[in-house]
Amino acid sequence: MQDTRFHEFLHRQIPVLVALSLVPGLAYIFLGWLHAVFMPAVAWYLIMLVTAAWGIRLYRSFDAATMSETRREQWYAQCVRLVYAFFVLWALIFLIYVRLDAYKLHYIAIFTEIGASVVASSLLASDKRLFRPTILVLMIPLIVYFMLVGEWYAYVLALFSTILTWVLLYAAQSTNNLLTQTRHQATHDALSGLFNRQYFIEHLQRRMNSLNESGEHGYLLLIDLDHFKTVNDTLGHDVGDRLLQGVVERLLDNLADHCVVARLGGDEFIVTGGSFSERDACEAEALETARQLLVALKTPYVVGAHQLHISASIGVSLLGPGDSNANRFIKEADIAMYEVKARGRDGVFVFDEAIARRVEGDLEIERLLPFALSRGEITLHYQPQVDRAGRIIGAEALVRWTSPTLGVVPPDRFVPIAEQTGLIIELGRHILETAFRTLDDWHGAGITLQQFSVNISMRQFTHPGFAAQVEELLRRHLDPALIQTLMFEITETVVTEDIDGVIQTMLELKALGIRFSMDDFGTGYSSLSHLNRLPLDELKVDRAFVLALGDDESDRALVGTILNMASLLGLNTVAEGVETAAQYAFLMHHGCGMFQGYFHSKPLAKEAFELFIQDHATARDAI
Ligand code: C2E
Ligand code: MG
Ligand code: MG
């Protein structure tokens, strides 16, 4: 396959060739008129004009962005013929003029021939198929002409012409080598020897044009190594580089010849292949290839004294006719790859409409969320927490977003997006301020709670200045007595953070009177040793465990153990998501301290919570 850059290069030479043929060609008509070969010169020029018109047509039919691979190859083949035609015509005019008696004309013809050869060696150096035949077609008649003169000086000139031919061929070949080398460097990645990102995107664009033309399907595999950074960080970049080379070997060994593979950067590789008339067959082949690669990549690597193991996450996107945006498909494969990462890595996932919709939804949320705050669409609901005696002694503040465009967006959906975009800092501040105001209002209205829980995102918690921000808000909104009721809920993701820094912030806030609860306990990665180091006051048994209570003996044993362990560590316990009397009874029996769930109440708007607590008090008084 000829490189497209060379196609573009030749494309730019066409007008030069046309101009170089038509303008000096006119001089030959004039000479022909002077020396009674007017008609042959005109005939020759007419053929040159037709060739030039063909050249202009070829020039105009070239469009790098939309041409398919096959059409481009056909175009190039025609260009090669065009070039031959031009130079054969120059050789022809030489043969016509050199046969005439006028000696001056001979000089002109000879110089034209040499000039044309020099032009061919410089303009056509990009391709051996172009410069070699043309230089030979021009120079061999010249050498033969000198030989036929039969004088000693002409033999010398024949020798010089032979040397010149060799020099021109050599010069063109050197330029050609340099061009090929530069092009190789510009299109390949130095470490892996694979194509680089830029080349791959160009290639993919051409593939998509071809698929569009043939109505076929192809695939794209985006391969990202799992935890490659750890290898680099712990064993050094040398080992990392050699591991990457090992990975490349496996990729090349396991991919079909028609596949094109490139390194996108770092530990990311991309493959395109397949031409299927059926989309399903294409998907099956893509999955099969991806699975084979996963197995091949997982076999241990020996790098120096180390035996290394690495797995990969592969995102697949299917290329089909009808869409020709290469970057879009790479993005889809990227999204599918991230889906594999989110599902625990070491796997493959095909981009589909469901993730497309989710990603679109996420983008919409990302776009609208900043306005939600300023337009007052973000509110808080409060879910009652009940003690063992059935009294409402606490509440958890839960954020709500009602968007005029999107409707009610659950916090599970928009909080993670706010964390990614950094908006959580502003959102978190708004939540804290609203919660503190509510607590203060309720205090004013005679509603006293023993604890008031607010969820704190880790991104917000670890943000520099969080403790100072809380302190400032407390000073503005709450009496010291009320601060003692505050409980900040954090999640087990703390263990993935700088744990000493987290403990430091927790201690600063505890000094103000705030207590801490470990939310969703049992779903994350925290070990008991971490749990013991954190200055916690409360542990919330995750809803998933409570939900499973009915089914399984081992789940019941697990919840019992969590509650026991919490009491040994001196932590209060709250069970989340208590929905049924049976769950409630079980948790009561095993010593759970507090209960939160639909069994008692769903999260309520502020006023509804106030009414609920009044009704509850009235009901209790009546007993
Ligand atoms: P979480 O902190 O574990 O909150 C408990 C979730 O369980 C709430 O969902 C609550 O409505 C739901 N729930 C309570 N009882 C029951 C029950 O009996 N059955 C069922 N099926 N669900 C019950 P919600 O409000 O959708 O919140 C989901 C998660 O979003 C929260 O989990 C928390 O991680 C996050 N979140 C909510 N509000 C905030 C907030 O203000 N800040 C931050 N950073 N995160 C928040
Ligand atoms: Mg919570
Ligand atoms: Mg929870």
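Note that the coordinates shown come from a computational prediction; the quantities given were computed from them, not determined experimentally.

## Side note on the pairing of strand 8 (residues 378-387)
Of all 10 residues in strand 8, 8 are buried, a share of seventy percent or more. As paired strands, strand 8 and strand 9 (residues 392-403) are joined by 9 bridges and run antiparallel to one another. Opposite Leu380, over in strand 9, you have Val399 as the bridge partner. The hairpin formed by strand 8 and strand 9 contains 4 residues between the paired strands, and Gly390 there has a positive phi angle of roughly 85 degrees. Of the pairings in the sheet, the one linking strand 8 to strand 16 (residues 594-595) comprises 2 bridges and is antiparallel in character. Across the sheet, Val386 pairs through a bridge with Phe595, a residue of strand 16.

## Quick look at the packing of helix 12 (residues 353-374) against helix 13 (residues 411-421)
At a closest axis distance of 10 Å, the pairing of helix 12 and helix 13 adopts a crossing angle of 70 degrees. As far as their axial angle goes, helix 13 and helix 12 are roughly perpendicular. Between helix 12 and helix 13 the crossing geometry is right-handed. Contact residues: Arg358, Gly361, Asp362, Ile365, Glu366 and Leu369 in helix 12; Arg413, Phe414, Ile417, Ala418 and Thr421 in helix 13. Looking at the contact of helix 12 with helix 13, its residues break down into 5 nonpolar, 2 polar and 4 charged.

## Points about the coordination of the magnesium ion (ligand 3)
Expected angles at a metal are 109.5 degrees for tetrahedral coordination by four donors and either 90 or 180 degrees for octahedral coordination by six donors. Bound to the magnesium ion (ligand 3) on the protein side are Asp519 (OD), Asp520 (OD), Glu576 (OE) and Glu576 (OE), at distances that span 1.9 to 2.6 Å. For the magnesium ion (ligand 3), the donor residues sit on a single chain with the sequence spacing D-D-x55-E. Taken as a pair, the magnesium ion (ligand 3) and the magnesium ion (ligand 2) lie 4.0 Å from each other and share Asp519 as a ligand. Classification of Asp519 as buried rests on a relative accessible area of 6%. On the basis of relative accessible area, Asp520 is assigned to the partly exposed category, the value being 25%.

## Observations regarding the domain arrangement of the chain
Many authors give the size of an interface as the accessible area that is lost as the parts come together. The domain architecture assigned to the chain consists of domain 1 (4-187), domain 2 (197-351) and domain 3 (362-622). The straight-line distance from the C-alpha centre of domain 1 to that of domain 3 is 82 Å.

## As for the nonpolar core
Core analysis: the biggest nonpolar cluster contains 79 residues, and Phe452, Phe461, Phe488 and Leu587 have the highest contact counts within it. Among residues more than four places away in sequence, those in contact with Leu587 are Arg388, Val546, Leu549, Val559, Leu563, Ala575, Val578, Cys592 and Phe595. Residues Ala41, Leu123, Phe146 and Ala158 belong to the second largest nonpolar core, which totals 53 residues.

## Some details on the packing of aromatic side chains
Scanning the entire structure with this criterion turns up 23 aromatic pairs. With a centroid separation of 6.0 Å and an interplanar angle of 35 degrees, the aromatic rings of Phe30 and Trp33 are classed as tilted. Of this pair, Phe30 and Trp33 both sit in helix 1 (residues 4-34), separated by 3 residues, roughly a single helical turn. Judged by its relative accessible area of 48%, Phe30 falls in the partly exposed class. Residues Tyr382 and Phe609 carry aromatic rings whose centres are separated by 6.4 Å and whose planes lie at 70 degrees to one another, so their mutual orientation is edge-to-face. Remark: Phe609 occurs in helix 23 (residues 606-622) and Tyr382 occurs in strand 8; sequence separation between them is 227 residues. Among the residues examined, Phe609 registers a relative accessible area of 0% and is labelled buried. By the ring-pair criterion, three or more aromatic residues cluster together here, those being Tyr28, Trp44, Tyr45, Trp90 and Tyr97. Of note, Arg250 hangs over the ring of Tyr301, and the distance from its end group to the ring centre comes to 3.8 Å. One cation-aromatic arrangement involves Arg328 over Phe329; the distance from NZ or CZ to the ring centre is 5.0 Å.

## Concerning the site of ligand 1
Near ligand 1 there are 21 residues, and of these Asp519, Arg543, Glu576, Glu579 and Tyr598 occur at the shortest range. Take Gln383: an N or O atom from its side chain is 3.0 Å from a nitrogen atom of ligand 1. Taking Arg543, its side chain carries an N or O atom lying 2.5 Å from an oxygen atom of ligand 1. Calculation on ligand 1 without its partners gives an accessible area of 790 Å², and the protein chains cover 86% of this total. Contributing elements (two or more residues each) for the shell around ligand 1: strand 9, helix 13 and strand 13 (515-521). The leading source of residues in the shell around ligand 1 is strand 9, at 4 residues. Split into classes, the residues belonging to the shell around ligand 1 amount to 7 nonpolar, 5 polar and 9 charged.

Conventions used here
Residues numbered from 1 in each chain as written. Chains lettered and ligands numbered in written order. Predicted model: local features only at pLDDT ≥ 70, side-chain atom pairs only at ≥ 80, totals over all residues. Heavy atoms only, no water. Buried < 20%, exposed > 50% of the residue type's maximum accessible area, 1.4 Å probe, protein only. Helix = DSSP H or I, 4+ residues; strand = E, 2+ residues; numbered from the N terminus. Pairing = 2+ DSSP bridges. Axes fitted to C-alpha atoms, helices over the stretch in contact; angles between N-to-C directions. Parallel < 35°, antiparallel > 145°, perpendicular 65-115°, else oblique. Left-handed = near helix turned anticlockwise from the far one by under 90°. Contact = heavy atoms within 4.5 Å. Nonpolar A, V, L, I, M, F, W, Y, C, P; charged D, E, K, R; others polar. Donors = N, O, S within 2.8 Å, 3.2 Å for Na, K, Ca; no water. Domains from an automatic or database assignment. Core = buried A, V, L, I, M, F, W, Y, C linked by side-chain atoms within 4.5 Å. Phe/Tyr/Trp six-rings, centres within 6.5 Å; stacked < 30°, edge-to-face > 60°. Lys NZ or Arg CZ within 6 Å of the ring centre and 35° of its normal. Near = heavy atom within 4 Å. Polar contact = N/O pair within 3.5 Å; in protein donor to acceptor, adjacent residues only side chain to side chain. Areas by Shrake-Rupley, 256 points an atom, 1.4 Å probe, with all protein chains shown as cover.

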